[in-house]
Amino acid sequence: MATPFQLRKMFGLTMLILAMRLTAGNSNINSCEPDSASLLQRSKVAASLAPVKPAYRSDQTCSIVRSRRLKLHKICPRLTRLGKYRGRRSRRFARLCELWAQCATSTTTASTTPSTGAATTAITSTSTSAATTNTTTSAAITTAITTAITTAITTATTTAITTSASASTSVTTALPCNLATIPQVIGGELSACANLTSGDVCEVSCTGVFTGDPSTFTCNEAGRFVGSPPTCQRSQCSLPAALADPGLQHDCDDVFFGSTCLVACADGYHGTPSVWNCTGVLRGAVPDCAANNCTENLPAGFGIDATACENVTVGGSCFATCLSGLEASGSTEATCATTGAFTNISLQCSLPSCGNLSTLFAFAQQHVTHDCAGRKQGDRCAAECSPGYSAGPVALVCNVGPTTSESEGYAVVDSSGHLIPANLSGAPKCVEEAVNCTYLPNLLGAIHNCSGITAGETCVVTADEGFIGESATLTCGASAELLGDMPEFQPIVCPDLVAPGVVTNCANVTFGATCSSMCTLPSNFTAENSTEITSGNSTVVVFLGDFFVVEERKCVLLDGEPLLQLQTAALECSSSTASPTASPTASPTASDAMLEVQVSNVAGYCYPPDQDPAIKEFLGERNWDLTTCPGDPAFQGLYPWDRFLNGGIECAFPCKPGYTSSVSPPRLKCGTRLSKNPNLWIEAYWQVIWDKVGECVPNVCTYGQPSGLGITQYLPSPCDRAMRTGETCEVVCRDDFTYLSGFSLHYCDASGMIKPAFQASLQCFPKPCNIVTSPPLDADLYYLQSNCVNPIPGWNSCGIYCLGAGGVGAMKCERPLYPSDTASGLSVVWPAPPCQPPTCAPPPFAGKLESSIFRPLCGAFDPSNMNVGESCAIGCSSWYTGADSVLSCGRNLYVTGALPNCQILRCSLPVSLNDASVTHDCLGVPLWGDCSASCTANYVRSTTRWYCRSQGTGAGGKEIPILLGSMPTCEPLACVYGLPALPNNCANVRFGSSCTVSCQAGYIGQATQWSCGSQQIFRGSMPSCVQGSTNLYGVMQPQSSLVMPLLATMTFTGAFTYEAWVRSPLTATATRLEIFGGLSQGFYLINEGFSTCSGGHGLGDGVPTSWSLHVGFSNVFSDVCLRRDTWYHLAATRDASNTLTLFVSGQGTSGATGAQLLLSTSFGGGFVGGEMFNARIWHVARSAAQISQNALVTSELSLDTTSGLLAWWPLTLDLLGLSSTPAALEPTGAAPTFATATEAELTESFI
């Protein structure tokens, strides 16, 4: 509860404020209605800066008593409840509360009581007197106003107490309703909700072209509207049936009442668009649209007939076909798309294939061959006789059709070029020719029946008696050679001879070969004649003489079994000879005891004969086989002498394989004798016992002479001589043959066969015959049978015939059976049959070859009448572009190739048509075509025609297209719907532009941007408004540091404007002087050497300094520096592109900054001893003109706009024209003084 002292203090303050306000103009004490008289100016500074205009619509007295600074809204309800209006001062409060209640409810009228009227008259009289005379002294005015206030307060207080006592009710303050709390209602009428207070109710209804049920909003005690917005539907026009035409396109689906839409020709159609208006019914002219012709991507390809697709328009279709005789696959239908090109083309034409000619009886005969397999329509082939038979070839053609349905599609071409079904004409009549094979087998151990066979016949080669191996079948070829793999046979082997007391070489003896046997030497064998042969450390003693009888045997078959058959008398060897007991004569004469004592000094072994140097020298060089003498396995091949002394092994040598001898084989025995080595007593040595010295002679090869087609002897070492074992020879290909495979080197094998040195024998292939025709053969007139291309000698014949009309010829490429070695082949001169040039049937598109689309590139040549082998290039005309193609007349008499895929030249889109306000159908408009450009839905409709024309010819004679036309005049439509009933600058704002919506009077908050969008509707968010005085502040009490009242810290991420008038002595020791917002990110002066002062110091006589203007968190410093004690208008703006510009009395300095800035609530801290005036903060970027033109305005009604204005401190004693009572700032000390500059002084300060 307030104490009497507190009430008296508040009442005194109230009286003081009332006196100040009432001296400034006329007021109606008993009425809160607006005063029609202009408010008086009392401040000299205000008089020089701003014109006098009517102020806020509420009465000044009501503004004062309702001010929260008087706190009557708290005091009066409490006094009323308590009934404490006792005492003189309390009664005065009662009269003041009565006045407050009347202004709060706005229900008290001027005719309540006579005393109220008297007060009114007194006040009016006083006000009139003050208005009609300018000479009234201040004392007189004060006396008159004091009397009027005393009378009015006494009367009003008495009435209020009476009313309060009788009603016994409390009085509450009604809040103005916040319009920003009503959601956006597009198409809604909000005027009924304006100027309401808490508790009021209003209705929001749909208006104009919008329909819907209204809704009610209630303004609650907090001043916020509560309710659901109506759903307003904009009236639409339904689509007429005429717009359902597929040849049209439009944007009329959602056209609203009062708007327009565009109806144009659909893609693939051409015509002029028209504008339709929605006036309840959609009306307009239907464009005359014609379908475009399809000229691109015509069905094309081998054998395709697309004549039915000429002059087909968009949406239509056609059916392409294949030429007669061709097979079709895929869809034959082609659709003309809106692009002017055919689509869905999958047709392919192919040549049909003929069947198997060999199924016809005449062509299935054994000796008839042909090259007709896999032939397709129009292909040529021939049938002929097999090698070894003669007859002229028969020419055929694959001609699938009804006439050849029973001949597998083949027809025979007669000499006149007529076609006869192959089943009726018949195959060639082949007559056998005898061609004997001359290259007969010459194999060891082989027998055959190949003699006398002719070409095509076969024979068998088998093993002869005494040989084994697989048989082989060979065929006589057309070139008199046996074809097939030659077999190889091996001789059988007789069992080895084993007889006691016999020395023999009859081991591994093959069929037909011989061997020898002899009795072993007697133990008392002696010989007078001996020869000693020494080689290295080896010594051999040879005993020559007729010492023994030799038995000869031969390997034969007896009853199919191999055996060694005696060829001489059989040996009769005695037992004594088989078991000799005495030592040879060459043995030492020492006693056995001495022998036993000296045995350690005996070389007791004879080494193997093939390793003994003396034996090898004496016998090995004579081709005796030294490997056949058996050794003793127990002694690892060494021959112990004592074994021989006691009847041990003797051996007899055979000749090496492939060799024979006329003498008996030598015998070999190991003996002992006194050693010539002083370290030895006796030594072992070899004894050779022979009737006479002889050698083995190589055999002659009688089998396997290399032969074959084209093979001849290499003269330096021919193979047809008497070759002996181990000798080599060579064969080569004849000059008229070429190497095919195998090796030329051969050798005489031990078996008696001549064999290739590297397994494979040489094979030669005949060089082709040289065909010379008379006249020379023209490949485009004639068809050669496949075997006529480089024919091989020995083939019977080949054929040649005309592709068109004409005869058939035949030839035979052959050579003598035994040509000379230097023969180089035969040149066959062949008279060619007379042929007429064949002509391909004209292609189905022959009529298009000379058109506006295509042009032949082959000069005077007629591409529609081509002979076989001729061709012509086809290109696109000057209106079209595309790669050239080639048409050719093939040997099957069909034209191959397709017309080029020509695309019509199109105009490029000019940059001007990329304007977002324009819609068009000009993308890719073809040469000589046209299109339209129209304004889009959010602009006033306008249409122009554009034309694709040629501006001349360029490279390759092609036209150079260019799109010509004028742009439609597209004026954006102004938005008229969806704007809230709040202060704004949105009048006549058009599509794509934006405006600002601010809080209503009595509310503060940051304004929001609204944009004009489609359908003439504003779109944006409501400003966040809270109740309070507008941020316009005036009177400042003396202080050194101020706080911005009613504002919290402000954050700026986008555009803003700061501005203020300042004058400072600039003598501070600090380097920064705050204007407002703090010294970190705020608006201040700086003296830290960042500015070059290149813009000078402005007008005035003050001392220049290096102080410049700066906004925190940026790198921008004003180029203009300040003078001491000189007035400057300072401003800073940042626009949407983050460009920060600092203005010093109109001169700007710009730079970039994207920083988020925070303004603290401090204010004027740097201007102790200086002056400030007209400080403003905006959340929009003001232009330089707006800043300079409004720099001196201190009246809200004189400001160009308040849109975007967040705070305003005029800082002048004259508060006339402000919309609310200025709020007091809490003083903290000495402060800057108020501006006392004159208008002229400030105006002259602008640079």
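Now for a description of the structure that goes with this document. (Residues numbered from 1 in each chain as written. Predicted model: local features only at pLDDT ≥ 70, side-chain atom pairs only at ≥ 80, totals over all residues. Heavy atoms only, no water.)

Our focus in this paragraph is the overall build of the protein chain. Along its length, the protein chain carries 14 helices and 85 strands. Put simply, 56% of the contacts in the protein chain that link residues at least 6 apart link residues at least 24 apart. Surface exposure of the protein chain reaches about 58,200 Å², of which carbon and sulfur atoms provide 52%. (Helix = DSSP H or I, 4+ residues; strand = E, 2+ residues; numbered from the N terminus. Contact = heavy atoms within 4.5 Å. Areas by Shrake-Rupley, 256 points an atom, 1.4 Å probe, with all protein chains shown as cover.)

Let us look at the sheet that holds strand β21 (residues 380–385). The five strands are arranged β20-β21-β23-β24-β25 in an open sheet whose pairing can be described as antiparallel. The sheet is open, and its two borders are formed by β20 (368–370) and β25 (419–421), each paired with just one other strand. Each strand axis lies, on average, 35° off the axis of its neighbour in the sheet, ignoring direction. Summarising the sheet, β21 and strand β23 (residues 394–398) pair through four bridges and their orientation is antiparallel. Within β23, the position partnered with Ala-383 by the bridge is Val-394. (Pairing = 2+ DSSP bridges. Axes fitted to C-alpha atoms, helices over the stretch in contact; angles between N-to-C directions.)

Counting across every chain of the model gives 12 salt bridges. One salt bridge connects Glu-1088 with Arg-1072, and the closest N-O pair in it is separated by 3.0 Å. Of the two residues, Glu-1088 is situated in the loop between β76 (1083–1086) and β77 (1108–1111) and Arg-1072 in strand β75 (residues 1072–1076); the sequence distance between them amounts to 16 residues. Judged by its relative accessible area of 28%, Arg-1072 falls in the partly exposed class. Here the salt bridges share partners, and the residues they tie into one network are Glu-488, Asp-749 and Lys-755. (Salt bridge = Lys/Arg side-chain N within 4 Å of Asp/Glu carboxyl O. Buried < 20%, exposed > 50% of the residue type's maximum accessible area, 1.4 Å probe, protein only.)

In total, this model carries 29 disulfides according to the counting rule given. Each disulfide pairs two cysteine sulfurs, and for Cys-858 the partner residue is Cys-872, the sulfurs being separated by 1.7 Å. What sets the handedness of the Cys-858 and Cys-872 disulfide is the S-S torsion sign, and at about -75° it is left-handed. Within this pair, whereas Cys-858 is found in the loop between β57 (854–856) and β58 (871–876), its partner Cys-872 is found in strand β58, the two being separated by 14 residues in sequence. The disulfide that involves Cys-876 links it to Cys-902, with 2.0 Å between the sulfurs. (Disulfide = S-S within 2.5 Å.)

We now examine the environment of Gln-1009. Inspection of the secondary structure assignment puts Gln-1009 in strand β69 (residues 1008–1012). On the basis of relative accessibility, which here comes to 42%, the residue Gln-1009 falls in the partly exposed class. A C-alpha to C-alpha distance of 9.1 Å links Gln-1009 and Gly-1204, two positions 195 residues apart in sequence. Not counting chain neighbours up to four residues away, the residues in contact with Gln-1009 comprise Ser-994, Cys-995, Thr-996, Gly-1020, His-1179 and Val-1180.

Here we come to the sheet that holds β57. One open sheet holds the four strands; their spatial order is β57-β58-β60-β61, and the pairing between them is antiparallel. The open sheet has two edge strands, β57 and β61 (895–896), and neither has a second partner.

Turning next to the pairing of strand β37 (residues 550–558). Inspection of the sheet shows strand β34 (residues 514–519) paired to β37 by five bridges, in the antiparallel sense. Within β37, the residue paired with Met-518 across the bridge is Val-550. Relative to strand β38 (residues 561–566), β37 runs antiparallel, the two being bridged by six bridges. Bridge pairing links Lys-554 to Gln-565 in β38. In this antiparallel pair of consecutive strands, β37 and β38, the connection spans two residues, and Asp-559 shows a positive phi of 55°.

With that settled, the discussion passes to the nonpolar core. Membership of the largest hydrophobic core comes to 35 residues, with the highest contact counts inside it found for Tyr-1058, Ile-1075, Phe-1076, Phe-1083, Leu-1085, Leu-1130 and Ile-1177. A per-element tally of this core places strand β74 (residues 1056–1063) first, with four residues. Once residues lying within four places of it in the same chain are set aside, the contact partners of Ile-1075 are Ala-1060, Val-1062, Phe-1083, Tyr-1084, Leu-1109, Leu-1130, Phe-1163, Gly-1164, Phe-1167 and Met-1172. Ranked by size, the runner-up nonpolar core spans 31 residues in total, among them Leu-179, Leu-982, Val-997 and Cys-1012. (Core = buried A, V, L, I, M, F, W, Y, C linked by side-chain atoms within 4.5 Å.)

Side chains of strand β49 (residues 745–748) alternate between two faces, with His-746 and Cys-748 buried and Leu-745 and Tyr-747 left unburied. Both β49 and strand β50 (residues 754–756) contribute to a ladder of three bridges, which runs antiparallel. Following the sheet pairing, Cys-748 is matched in β50 by Ile-754. Hairpin connection between β49 and β50: a loop of five residues separates the two successive antiparallel strands, and Gly-752 in this loop has a positive phi of roughly 100°.

Mapping Ser-877 onto the fold places it in the loop between β58 and β59 (880–881). From its side chain, Ser-877 meets the backbone oxygen of Ser-852 in a polar contact 2.3 Å long. When near neighbours in sequence (up to four residues on either side) are disregarded, Ser-877 contacts Ser-852, Ile-853, Phe-854, Arg-855 and Lys-958. (Polar contact = N/O pair within 3.5 Å; in protein donor to acceptor, adjacent residues only side chain to side chain.)

Quick look at the side chain of Glu-296 now. If you trace the backbone, Glu-296 turns up in the loop between β12 (290–291) and β13 (304–305). Judged by relative accessible area, which is 5%, Glu-296 ranks as buried. Residue contacts for Glu-296: discarding those within four places in its chain leaves Gly-340, Ala-341, Phe-342, Cys-902, Gln-903, Ile-904 and Arg-906.

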